[in-house]
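What the coordinates show
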Amino acid sequence: MKRIYSVFIGIFCLAGCDVSQEFAPDENAGMQLAKKVAIFESQDNQKKWVLRAESVDFSDLQNATLKNPDLLLKENGQDSASVTGRTGTFNYPSKKVTIEGNARIQSFTEHLVITSNRFFYDVNRNRIWSDGKTVIIRGGVKVTAQEGVVTDSKLSRVEIKKQTTQLPTDAKELKK
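So, here is what we can say about the structure in this document. Note that the structure is predicted; figures quoted are calculated from it, not measured. (Residues numbered from 1 in each chain as written. Predicted model: local features only at pLDDT ≥ 70, side-chain atom pairs only at ≥ 80, totals over all residues. Heavy atoms only, no water.)

**Re the overall build of the chain**
A tally of regular secondary structure across the chain gives one helix and 14 strands. Relative to its full complement of 176 residues, the chain shows a buried share of 40%. When the accessible surface of the chain is split by element, carbon and sulfur atoms take 48% of a total near 10100 Å². (Helix = DSSP H or I, 4+ residues; strand = E, 2+ residues; numbered from the N terminus. Buried < 20%, exposed > 50% of the residue type's maximum accessible area, 1.4 Å probe, protein only. Areas by Shrake-Rupley, 256 points an atom, 1.4 Å probe, with all protein chains shown as cover.)

This is the structure in structure tokens:
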């Protein structure tokens, strides 16, 4: 219960920071917009994840609409991965994040990059997935998952759906 409370306190405190009409996915009057917003969840005085955005539209009571979102995932208090894109949503009741538009995951611990048109993150299940063509690059190896990937926030184990692999031209690249 404390986790949910900290998430909503963060949302509502930051929602009133700045009201502007610069970012408006829907040009309706009366939108609740904020700039440079951070939504996060903490456990045992450590942040589990931080969702930042350049601008956020809070007018929908079910979803926050995000411009240039950056979801920072943490493991044992350290940054483990970042998920970025052009737009996104945060669904309050289900605690699910969608990031799309040249979406990219960068793992700081596993040293890999995963790109797709869209990624989803389920806060409650600590799971990231994509539902379309996804490219994974590590060292000189490039793997394409035609139907997406599923992983946890650690990105230590990635499940690939319908795989194709492009090996490097030099075997030395595999030893990195």
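**Some remarks on the packing of aromatic side chains**
Each aromatic ring pair is summarised here by two numbers: the centre-to-centre distance and the angle between the ring planes. According to the stated counting rule, one finds three aromatic pairs in the structure shown. Judged by centre distance (5.9 Å) and plane angle (45°), the ring pair of Trp49 and Phe90 falls under tilted. With a gap of 41 residues between them, Trp49 in strand β2 (residues 46-57) and Phe90 in strand β6 (residues 87-91) connect regions that are remote in the sequence. Judged on exposure class, the residue Trp49 and its partner Phe90 are both buried. The interplanar angle of 20° and the centroid separation of 5.3 Å between the aromatic rings of Phe120 and Trp129 together place this pair among those described as stacked. A residue is classified by how much of its surface remains accessible, and Phe120, at 16% relative accessible area, is buried. The cationic tip of Lys47 hangs over the ring face of Phe40; the distance from NZ or CZ to the ring centre is 4.7 Å. (Phe/Tyr/Trp six-rings, centres within 6.5 Å; stacked < 30°, edge-to-face > 60°. Lys NZ or Arg CZ within 6 Å of the ring centre and 35° of its normal.)

**Here we look at the nonpolar core**
Formed by 31 residues in total, the largest nonpolar core has its most connected members in Trp49 and Phe90. Of all the secondary-structure elements, those providing two or more residues to this core are β1 (33-43), β2, β3 (63-67), β4 (70-75), β5 (78-84), β7 (96-107), β8 (112-122) and β11 (141-145). (Core = buried A, V, L, I, M, F, W, Y, C linked by side-chain atoms within 4.5 Å.)

**Focus: the environment of Gly88**
Inspection of the secondary structure puts Gly88 in strand β6. Residue class for Gly88 comes out buried when judged on its relative accessible area of 4%. C-alpha of Gly88 to C-alpha of Glu100: the two residues are twelve residues apart in sequence and 5.9 Å apart in space. Apart from the residues within four sequence positions on either side, Gly88 is in contact with Ala64, Thr65, Leu66, Pro69, Thr98 and Ile99. (Contact = heavy atoms within 4.5 Å.)

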